[in-house]
Amino acid sequence: MTGVQTCALPISFIYDTIAGKIEGDLPTIDLVDGSYRRVEFKMRRNFSVAAEDPILGNVFIINGTFKKADGTVVPFVISWHMAMNFRLRADNPFSVVAAGQNKLSIVFDVVKWFEGIDLETATVDADGTMYINKSSNREILSALHKNMKVNTRFGKDADGDGKLAEAEQEGQGEETSDPSAE
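Residues numbered from 1 in each chain as written. Predicted model: local features only at pLDDT ≥ 70, side-chain atom pairs only at ≥ 80, totals over all residues. Heavy atoms only, no water.

K.L.:
Help me get a handle on the overall build of the protein, residues and values and all.
P.N.:
Counting its secondary structure elements, the protein contains two helices and ten strands. Order of helices (α) and strands (β) in the protein, N terminus to C terminus: β-β-β-β-β-β-β-α-β-α-β-β. Summed over its atoms, the accessible surface of the protein is roughly 11600 Å², and 50% of this surface lies on carbon and sulfur atoms. (Helix = DSSP H or I, 4+ residues; strand = E, 2+ residues; numbered from the N terminus. Areas by Shrake-Rupley, 256 points an atom, 1.4 Å probe, with all protein chains shown as cover.)

K.L.:
Talk me through the pattern of salt bridges; I want residue IDs and the actual numbers.
P.N.:
Under the defined criterion, the tally for this structure stands at three salt bridges. A salt bridge links Arg 38 to Glu 40, with the nearest nitrogen and oxygen atoms 2.6 Å apart. A salt bridge links Arg 153 to Asp 109; the shortest N-O distance between them is 3.1 Å. Of this pair, Arg 153 sits in strand E9 (residues 152-156) while Asp 109 sits in the loop between strand E7 (104-108) and helix H1 (110-113), and the two are 44 residues apart along the sequence. The residues Arg 153 and Asp 109 share a single accessibility class, namely buried. Taken together, the salt bridges that share partners define one network made up of Arg 38, Glu 40 and Arg 87. (Salt bridge = Lys/Arg side-chain N within 4 Å of Asp/Glu carboxyl O. Buried < 20%, exposed > 50% of the residue type's maximum accessible area, 1.4 Å probe, protein only.)

K.L.:
Give me the lowdown on the packing of aromatic side chains, citing residues and values where you can.
P.N.:
Under the counting rule described, the total for this entry stands at seven aromatic pairs. On the numbers, 5.8 Å between centres and 80° between planes, the contact of Phe 86 with Phe 108 is edge-to-face. Of this pair, Phe 86 sits in strand E6 (residues 84-96) while Phe 108 sits in strand E7, and the two are 22 residues apart along the sequence. Residues Phe 108 and Trp 113 carry aromatic rings whose centres are separated by 6.2 Å and whose planes lie at 80° to one another, so their mutual orientation is edge-to-face. Owing to a relative accessible area of 32%, Phe 108 belongs among the partly exposed residues under this scheme. By the ring-pair criterion, three or more aromatic residues cluster together here, those being Phe 41, Phe 60, Trp 80, Phe 86, Phe 108 and Trp 113. (Phe/Tyr/Trp six-rings, centres within 6.5 Å; stacked < 30°, edge-to-face > 60°.)

K.L.:
Requested: an account of the environment of Lys 134, with residues and values cited.
P.N.:
Topologically, Lys 134 is positioned in the loop between strand E8 (130-132) and helix H2 (138-150). Residue Lys 134 is classed as partly exposed on the basis of its relative accessible area of 45%. In the structure, Lys 134 is positioned 54 residues away from Trp 80 in sequence and 7.5 Å away in space, judged by C-alpha atoms. When near neighbours in sequence (up to four residues on either side) are disregarded, Lys 134 contacts His 81 and Leu 141. (Contact = heavy atoms within 4.5 Å.)

K.L.:
Which residues make up the nonpolar core, and what are the values?
P.N.:
Core analysis: the largest hydrophobic core is formed by 21 residues, its most contacted members being Phe 60, Ile 78, Trp 80, Met 130, Ile 132 and Leu 144. Where this core is concerned, the elements lending two or more residues are strand E4 (60-67), strand E5 (73-80), E6, E8 and H2. Discounting residues that sit within four places of it in the chain, Phe 60 has contacts with Met 43, Ile 55, Ile 78, Ser 79, Trp 80, Met 84 and Met 148. Residues Val 39, Leu 88, Ala 90 and Phe 154 belong to the second largest nonpolar core, which totals seven residues. (Core = buried A, V, L, I, M, F, W, Y, C linked by side-chain atoms within 4.5 Å.)

K.L.:
Which residues make up the sheet that holds E9, and what are the values?
P.N.:
Strand order in this open sheet of five strands is E3-E6-E10-E9-E7, and the pairing throughout is antiparallel. Of all the strands in the sheet, just strand E3 (34-43) and E7 have a single pairing partner and so form its edges. When strand polarity is set aside, the average angle formed by the axes of neighbouring strands in this sheet is 20°. The sheet contact formed by E7 and E9 spans five bridges and is antiparallel. By the bridge assignment for E9, Phe 108 is matched with Thr 152. (Pairing = 2+ DSSP bridges. Axes fitted to C-alpha atoms, helices over the stretch in contact; angles between N-to-C directions.)

What follows is the structure, given as structure tokens:
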């Protein structure tokens, strides 16, 4: 049997990668018992926050710093404004059974998002910040987009530690098309 489950969850959360902390509620989804090979989800623009919140109208924002070859530290802001479709596929099906909780983890490998991207070539704004968005450094944004898709993984958190160990990984992301605007 192959289980199929579709659900739309209007969730919003902030994940602080440095602190390893999530602000907001992660969803709980009831799945039909069966075997699954694929996980699909969409990340949409956030319109449910206060007007002064920088995430308003964006799917996500990443703030950080980049150390150039000459030692200069440049702050950067990546803001993604278009919905993103994710399709993660496993070679072997994973089972979902009624007895107990089946913890599925989706991992965004942020380090791999930047592989092959040369931030040294990015334009830095007059305020000294490197903006990567629909208006600035679009070629870098495009490369990030592809890397995000293929460097997202999923698996069952068998030991319940909230992390996805190498042995627990089931599948990986594929390139998919996204809407041009939302």
